[in-house]
Amino acid sequence: MSAPKKYDEGRLAQVLLAPIVSEKATSVGEKHNQVLFKVMRDATKPEIKAAVELMFKVEVAAVSVVNVKGKTKRFGGRVGRRDHVKKAYVALKPGQELQFGEAA
């Protein structure tokens, strides 16, 4: 295994946009020990892994990404489109856990 690449910490701080909190995200988290994040569209898997490990001090086993096309929506008479998003499914190593500001 090669040494981990060094990334710019400022860039890594911007890679993760928000955690995805939904029924699907919760069920995936419980079944497969994964966490879902909305990430920058140009983020790479190694960058996402490095960002999660840096921000949350956990060990990441794998990262899967999904590009989601923005839906076309109507606003009155006009047709618009939501932004495209990139979702990252971050699998944590066994025994690792993420807490999002939950009261203990």
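Everything numeric in this text was worked out from a predicted model, so none of it was measured.

Draft legend 1. Structural view of the overall build of the protein. A tally of regular secondary structure across the protein gives 3 helices and 6 strands. Listing every helix and strand of the protein by position from the N terminus yields α-β-α-β-α-β-β-β-β. Contacts spanning at least 24 positions in sequence make up 60% of the contacts within the protein whose residues lie at least 6 apart. For the protein, the computed accessible surface area is about 7500 Å², with 52% contributed by carbon and sulfur atoms.

Draft legend 2. Main features of the nonpolar core. Ranked by internal contacts, the top residues of the largest apolar core, which has 19 residues, are Leu16, Phe37, Ile48, Val52, Val90 and Leu92. Looking at this core element by element, the count peaks at 4 residues for helix α3 (residues 45-56). Residues in contact with Val52, not counting those within four places in the same chain, are Leu16, Phe37, Lys57, Val58, Val60 and Val90.

Draft legend 3. Spatial organisation of the sheet that holds strand β1 (residues 16-19). If you trace the 4 strands from one edge of the open sheet to the other, you get β1-β2-β6-β3, paired in antiparallel fashion. Both edges of this open sheet fall to β1 and β3 (60-68), since each of them pairs with a single strand only. When the angles between neighbouring strand axes are averaged without regard to direction, this sheet yields 30°. Pairing of β1 with strand β2 (residues 34-39) involves 3 bridges; the strand directions are antiparallel.

Draft legend 4. Representation of the side chain of Glu47. With respect to the helices and strands, Glu47 occurs in helix α3. For Glu47, a relative accessible area of 9% corresponds to the buried category. Ignoring sequence-local partners within four residues, the contact set of Glu47 consists of Tyr7, Arg11, Leu12, Val15 and Asp42.

Draft legend 5. View of the pairing of strand β5 (residues 78-81). Sheet topology places strand β4 (residues 72-75) next to β5; 4 bridges connect them, and they run antiparallel. Note on β5: the bridge partner recorded for Phe75 is Arg78. Hairpin connection of β4 to β5: 2 residues between the antiparallel strands, including Gly76 at a positive phi of 65°.

Draft legend 6. Broad picture of the pattern of salt bridges. Scanning all chains against the criterion turns up 3 salt bridges. Salt-bridge contacts for Arg11 lead to Asp42; the nearest nitrogen and oxygen are separated by 3.5 Å. Placement of the pair is Arg11 in helix α1 (residues 9-15) and Asp42 in the loop between β2 and α3, with a sequence separation of 31 residues. Across the pair Glu47 and Arg11 runs a salt bridge whose closest N-O atoms are separated by 3.0 Å.

Draft legend 7. Just α3, in detail. With 12 residues, α3 ought to run about 16 Å at 1.5 Å a step, and its terminal C-alpha atoms sit 16 Å apart, in line with that. Those residues of α3 that fall on the buried side of the exposure criterion are Glu47, Ile48, Ala50, Ala51 and Val52.

Draft legend 8. The arrangement of unusual backbone geometry in detail. The backbone of Asn33 shows a phi angle near 55°, a positive value even though the residue is not glycine. Phi at Lys57 is positive, roughly 55°, even though this residue is not glycine. Structurally, Lys57 can be placed in the loop between α3 and β3. On the accessibility criterion, Lys57 (66% relative accessible area) is exposed.

Criteria and thresholds
Residues numbered from 1 in each chain as written. Predicted model: local features only at pLDDT ≥ 70, side-chain atom pairs only at ≥ 80, totals over all residues. Heavy atoms only, no water. Helix = DSSP H or I, 4+ residues; strand = E, 2+ residues; numbered from the N terminus. Contact = heavy atoms within 4.5 Å. Areas by Shrake-Rupley, 256 points an atom, 1.4 Å probe, with all protein chains shown as cover. Core = buried A, V, L, I, M, F, W, Y, C linked by side-chain atoms within 4.5 Å. Buried < 20%, exposed > 50% of the residue type's maximum accessible area, 1.4 Å probe, protein only. Pairing = 2+ DSSP bridges. Axes fitted to C-alpha atoms, helices over the stretch in contact; angles between N-to-C directions. Salt bridge = Lys/Arg side-chain N within 4 Å of Asp/Glu carboxyl O. Expected span 1.5 Å × (residues − 1).

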